[in-house]
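# Tertiary structure, described
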Amino acid sequence: MATLRKCLSLLTRQTRLQISQQKADLTTTPVLAAAYWNKDWKPGPLPRTPEERAAAAKKFGLRPEDYNVLADGDLEEYPHLPAVSSQWRDPFEDYEFAADRRNYGEPVHADRDIVGLDQLDRNDHGRYSYGEVFVRFLAIFAGFVAAHTLLEPYPYFLPQMPKQYPFNNLYLERGGDPSLEPEVKHYSFEPAD
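Per the secondary structure count, the protein chain includes four helices and zero strands. What you see in the protein chain, going N to C, is helices and strands ordered as α-α-α-α. The proportion of buried residues among the 193 residues of the protein chain is 10%. In the protein chain, once contacts between residues fewer than 6 apart in sequence are set aside, the share between residues at least 24 apart is 32%.

Structural data, given as C-alpha coordinates:
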(Lines give C-alpha, C1' and ligand atoms only; values in the text may rest on other atoms or scores of the structure.)
Protein backbone atom coordinates (compact mmCIF):
# COMPACT_ATOMS: atom_id res chain seq x y z
CA MET A 1 0.00 0.00 0.00
CA ALA A 2 2.84 2.35 0.82
CA THR A 3 4.40 1.69 -2.58
CA LEU A 4 1.15 2.54 -4.32
CA ARG A 5 0.85 5.79 -2.33
CA LYS A 6 4.45 6.71 -3.21
CA CYS A 7 3.85 6.02 -6.95
CA LEU A 8 0.69 8.13 -6.98
CA SER A 9 2.41 11.06 -5.26
CA LEU A 10 5.30 10.93 -7.76
CA LEU A 11 2.86 10.75 -10.66
CA THR A 12 0.81 13.75 -9.51
CA ARG A 13 3.98 15.77 -8.85
CA GLN A 14 5.24 14.99 -12.38
CA THR A 15 1.93 15.96 -14.04
CA ARG A 16 1.87 19.24 -12.06
CA LEU A 17 5.36 20.01 -13.35
CA GLN A 18 4.31 19.25 -16.93
CA ILE A 19 1.23 21.47 -16.64
CA SER A 20 3.23 24.36 -15.19
CA GLN A 21 5.82 23.95 -17.97
CA GLN A 22 3.06 24.05 -20.63
CA LYS A 23 1.68 27.25 -19.06
CA ALA A 24 5.16 28.78 -19.13
CA ASP A 25 5.53 27.82 -22.80
CA LEU A 26 2.19 29.38 -23.65
CA THR A 27 3.07 32.67 -21.98
CA THR A 28 6.43 33.02 -23.75
CA THR A 29 5.28 31.93 -27.22
CA PRO A 30 3.98 35.35 -28.40
CA VAL A 31 7.19 37.00 -27.24
CA LEU A 32 9.28 34.53 -29.20
CA ALA A 33 7.10 34.82 -32.31
CA ALA A 34 7.30 38.62 -32.21
CA ALA A 35 11.09 38.43 -32.34
CA TYR A 36 10.89 37.14 -35.92
CA TRP A 37 9.00 40.17 -37.28
CA ASN A 38 11.16 42.55 -39.29
CA LYS A 39 9.75 46.04 -39.82
CA ASP A 40 11.96 46.46 -42.88
CA TRP A 41 9.98 43.80 -44.75
CA LYS A 42 6.69 45.63 -44.37
CA PRO A 43 5.66 47.40 -47.59
CA GLY A 44 5.71 51.17 -47.39
CA PRO A 45 3.43 53.71 -49.07
CA LEU A 46 3.14 53.94 -52.84
CA PRO A 47 6.18 55.66 -54.38
CA ARG A 48 5.27 59.00 -55.92
CA THR A 49 8.59 60.48 -57.07
CA PRO A 50 11.35 58.85 -59.15
CA GLU A 51 13.62 58.87 -56.07
CA GLU A 52 11.01 56.99 -54.00
CA ARG A 53 10.54 54.60 -56.90
CA ALA A 54 14.30 53.92 -57.12
CA ALA A 55 14.48 53.40 -53.35
CA ALA A 56 11.56 50.93 -53.46
CA ALA A 57 13.14 49.07 -56.37
CA LYS A 58 16.41 48.82 -54.44
CA LYS A 59 14.52 47.57 -51.38
CA PHE A 60 13.10 44.65 -53.39
CA GLY A 61 16.33 43.96 -55.30
CA LEU A 62 15.02 45.13 -58.69
CA ARG A 63 16.26 47.61 -61.24
CA PRO A 64 14.23 50.85 -61.29
CA GLU A 65 13.10 50.21 -64.87
CA ASP A 66 11.84 46.72 -63.90
CA TYR A 67 9.92 47.98 -60.88
CA ASN A 68 6.13 48.28 -61.35
CA VAL A 69 3.60 48.61 -58.53
CA LEU A 70 0.68 46.21 -58.30
CA ALA A 71 -2.46 47.64 -59.93
CA ASP A 72 -4.85 46.91 -57.06
CA GLY A 73 -2.69 48.74 -54.50
CA ASP A 74 -3.56 46.39 -51.64
CA LEU A 75 0.09 45.66 -50.96
CA GLU A 76 1.11 49.29 -51.39
CA GLU A 77 4.66 49.43 -52.80
CA TYR A 78 5.06 45.69 -53.43
CA PRO A 79 6.30 45.09 -57.00
CA HIS A 80 4.27 43.52 -59.77
CA LEU A 81 6.22 40.39 -60.73
CA PRO A 82 5.49 38.03 -63.61
CA ALA A 83 3.52 34.93 -62.67
CA VAL A 84 6.24 32.42 -63.54
CA SER A 85 6.13 29.08 -61.77
CA SER A 86 9.14 27.88 -59.83
CA GLN A 87 9.33 24.77 -62.00
CA TRP A 88 10.69 26.87 -64.86
CA ARG A 89 13.78 27.71 -62.81
CA ASP A 90 16.98 25.66 -63.05
CA PRO A 91 16.57 22.60 -60.81
CA PHE A 92 20.35 22.11 -60.50
CA GLU A 93 21.14 25.56 -59.15
CA ASP A 94 22.13 25.77 -55.49
CA TYR A 95 19.16 27.60 -53.95
CA GLU A 96 18.92 28.63 -50.33
CA PHE A 97 15.32 27.36 -50.28
CA ALA A 98 15.59 24.35 -52.57
CA ALA A 99 11.96 23.30 -52.12
CA ASP A 100 10.78 26.65 -53.53
CA ARG A 101 13.75 27.15 -55.89
CA ARG A 102 14.31 30.54 -54.35
CA ASN A 103 17.13 32.46 -52.69
CA TYR A 104 16.97 34.56 -49.55
CA GLY A 105 15.86 38.14 -50.14
CA GLU A 106 14.40 37.39 -53.57
CA PRO A 107 11.01 39.01 -54.09
CA VAL A 108 8.22 36.54 -54.64
CA HIS A 109 4.99 36.92 -56.56
CA ALA A 110 2.08 38.30 -54.53
CA ASP A 111 0.15 35.10 -55.33
CA ARG A 112 3.08 32.82 -54.56
CA ASP A 113 0.81 30.07 -53.29
CA ILE A 114 -0.74 29.85 -56.77
CA VAL A 115 2.50 29.66 -58.78
CA GLY A 116 4.42 27.26 -56.53
CA LEU A 117 5.98 23.95 -57.53
CA ASP A 118 3.02 22.02 -56.17
CA GLN A 119 0.41 23.92 -58.21
CA LEU A 120 -0.73 23.81 -61.82
CA ASP A 121 1.43 26.05 -63.99
CA ARG A 122 -0.49 28.82 -65.76
CA ASN A 123 2.25 29.29 -68.36
CA ASP A 124 2.45 25.66 -69.40
CA HIS A 125 0.04 25.09 -72.26
CA GLY A 126 0.67 21.38 -72.52
CA ARG A 127 1.76 19.19 -75.38
CA TYR A 128 -1.58 19.20 -77.21
CA SER A 129 -4.20 21.87 -77.81
CA TYR A 130 -7.70 21.46 -76.39
CA GLY A 131 -9.04 20.63 -79.85
CA GLU A 132 -6.52 17.80 -80.31
CA VAL A 133 -7.34 16.43 -76.86
CA PHE A 134 -11.07 16.49 -77.62
CA VAL A 135 -10.62 14.78 -81.01
CA ARG A 136 -8.46 12.06 -79.44
CA PHE A 137 -11.04 11.51 -76.71
CA LEU A 138 -13.81 11.15 -79.31
CA ALA A 139 -11.69 8.73 -81.37
CA ILE A 140 -10.99 6.50 -78.37
CA PHE A 141 -14.60 6.61 -77.23
CA ALA A 142 -15.83 5.79 -80.77
CA GLY A 143 -13.36 2.89 -80.91
CA PHE A 144 -14.78 1.38 -77.72
CA VAL A 145 -18.36 1.84 -78.96
CA ALA A 146 -17.48 0.22 -82.32
CA ALA A 147 -15.74 -2.72 -80.64
CA HIS A 148 -18.72 -3.27 -78.36
CA THR A 149 -21.18 -3.05 -81.25
CA LEU A 150 -19.23 -5.37 -83.54
CA LEU A 151 -18.36 -7.98 -80.90
CA GLU A 152 -21.71 -8.07 -79.10
CA PRO A 153 -23.08 -10.99 -81.22
CA TYR A 154 -20.01 -13.06 -80.26
CA PRO A 155 -19.95 -13.25 -76.48
CA TYR A 156 -16.71 -14.35 -74.92
CA PHE A 157 -16.75 -16.95 -72.18
CA LEU A 158 -14.30 -19.44 -70.84
CA PRO A 159 -15.10 -22.91 -72.26
CA GLN A 160 -15.73 -25.35 -69.48
CA MET A 161 -17.44 -28.62 -68.83
CA PRO A 162 -20.21 -28.93 -66.27
CA LYS A 163 -19.04 -29.33 -62.68
CA GLN A 164 -18.52 -32.96 -61.71
CA TYR A 165 -19.63 -34.13 -58.27
CA PRO A 166 -19.06 -37.54 -56.71
CA PHE A 167 -21.78 -40.04 -55.89
CA ASN A 168 -23.72 -39.60 -59.14
CA ASN A 169 -23.70 -35.81 -58.96
CA LEU A 170 -24.87 -35.94 -55.31
CA TYR A 171 -28.18 -37.41 -56.41
CA LEU A 172 -29.16 -38.74 -53.01
CA GLU A 173 -27.72 -35.75 -51.12
CA ARG A 174 -29.93 -33.43 -53.18
CA GLY A 175 -33.05 -35.33 -52.20
CA GLY A 176 -33.31 -37.80 -55.10
CA ASP A 177 -35.24 -41.09 -54.91
CA PRO A 178 -32.82 -43.98 -54.15
CA SER A 179 -34.81 -46.41 -56.31
CA LEU A 180 -34.50 -44.14 -59.36
CA GLU A 181 -30.85 -43.21 -58.93
CA PRO A 182 -29.25 -42.85 -62.40
CA GLU A 183 -25.73 -43.94 -63.11
CA VAL A 184 -23.57 -41.02 -64.18
CA LYS A 185 -20.42 -41.84 -66.10
CA HIS A 186 -17.91 -38.98 -66.35
CA TYR A 187 -15.23 -40.92 -68.20
CA SER A 188 -14.23 -44.39 -69.27
CA PHE A 189 -11.00 -46.19 -69.97
CA GLU A 190 -12.21 -47.60 -73.26
CA PRO A 191 -10.61 -46.23 -76.44
CA ALA A 192 -12.65 -43.65 -78.28
CA ASP A 193 -14.05 -44.66 -81.69
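The discussion continues.
A separate point is the packing of aromatic side chains. For any two aromatic rings, the description comes down to two numbers: the centre-to-centre distance and the angle of the planes. Scanning all chains against the criterion turns up two aromatic pairs. With a centroid separation of 5.2 Å and an interplanar angle of 75°, the aromatic rings of Phe-60 and Tyr-78 are classed as edge-to-face. Of the two residues, Phe-60 sits in the loop between helix H2 (50-59) and helix H3 (130-151) while Tyr-78 sits in the loop between H2 and H3, which places them 18 residues apart along the sequence. Under the relative-accessibility criterion, Phe-60 is labelled buried at 10%. Under the relative-accessibility criterion, Tyr-78 is labelled buried at 14%. Between Phe-137 and Phe-141 the ring centres are 6.1 Å apart and the planes differ by 20°, which places this aromatic pair in the stacked class. Taken together, the residues span about one helical turn, with Phe-137 and Phe-141 both in helix H3 at a distance of four residues. Looking at Lys-163, its charged tip hangs above the ring of Tyr-165, at a distance of 6.0 Å from the centre. Sitting above the plane of the Tyr-165 ring, Arg-174 keeps its charged end 5.0 Å from the centroid.

A word on the environment of Tyr-95. For Tyr-95, the location among the structural elements is in the loop between H2 and H3. Beyond its immediate sequence surroundings of up to four residues, Tyr-95 is in contact with Arg-89, Asp-90, Arg-101, Arg-102 and Asn-103. Looking at Tyr-95, its side chain comes within polar contact range of the main-chain oxygen of Asp-90, at 2.9 Å.

On to a negative patch on the surface, then. Among the surface-exposed residues, Asp-90, Glu-93, Asp-94 and Glu-96 lie close enough to one another that they form a single negatively charged patch. Secondary-structure assignment places Asp-90 in the loop between H2 and H3.

Taken together, the side chains of Phe-134, Phe-137, Leu-138, Phe-141 and Val-145 make up a nonpolar region of the molecular surface, amounting to roughly 510 Å² of accessible area. Structurally, Phe-134 is set in helix H3.

When the C-alpha positions of Tyr-78 and Ala-110 are compared, they lie 8.0 Å apart, and in sequence the two are 32 residues distant. A polar atom in the side chain of Tyr-78 sits 2.4 Å from the backbone oxygen of Val-108.

Okay, the nonpolar core next. Ala-56, Ala-57, Phe-60, Tyr-67, Leu-70 and Tyr-78 form the largest nonpolar core, which has six residues in total. Excluding its chain neighbours within four sequence positions, the residues that come into contact with Tyr-67 are Pro-47, Arg-53, Ala-56, Ala-57, Phe-60, Leu-62, Glu-77 and Pro-79.

The next thing to look at is the pattern of salt bridges. Side chains that carry opposite charge are capable of pairing whenever their charged atoms lie near each other. Enumeration according to the criterion identifies four salt bridges in this entry. Linking Lys-59 and Glu-77 is a salt bridge whose minimum nitrogen-to-oxygen distance equals 2.7 Å. Note that Lys-59 is positioned in helix H2 and Glu-77 in the loop between H2 and H3, a separation of 18 residues in sequence. Between Asp-66 and Arg-63 there is a salt bridge, with the nearest N and O atoms lying 2.9 Å from each other. Among the charged side chains, a salt-bridge network with shared partners connects Arg-63, Glu-65 and Asp-66.

Turning our attention to the side chain of Glu-77. Given a relative accessible area of 7%, Glu-77 falls into the buried group. For Glu-77, the side chain forms a polar contact with the side chain of Lys-59, separated by 2.7 Å.

How each quantity is defined
Residues numbered from 1 in each chain as written. Predicted model: local features only at pLDDT ≥ 70, side-chain atom pairs only at ≥ 80, totals over all residues. Heavy atoms only, no water. Helix = DSSP H or I, 4+ residues; strand = E, 2+ residues; numbered from the N terminus. Buried < 20%, exposed > 50% of the residue type's maximum accessible area, 1.4 Å probe, protein only. Contact = heavy atoms within 4.5 Å. Phe/Tyr/Trp six-rings, centres within 6.5 Å; stacked < 30°, edge-to-face > 60°. Lys NZ or Arg CZ within 6 Å of the ring centre and 35° of its normal. Polar contact = N/O pair within 3.5 Å; in protein donor to acceptor, adjacent residues only side chain to side chain. Patch = residues over 30% accessible without salt bridge, like charges linked within 9 Å, V, L, I, M, F, W, Y side chains within 5 Å. Areas by Shrake-Rupley, 256 points an atom, 1.4 Å probe, with all protein chains shown as cover. Salt bridge = Lys/Arg side-chain N within 4 Å of Asp/Glu carboxyl O. Lys, Arg positive; Asp, Glu negative; His and termini not counted. Charge placed at Lys NZ, Arg CZ, Asp CG, Glu CD. Core = buried A, V, L, I, M, F, W, Y, C linked by side-chain atoms within 4.5 Å.

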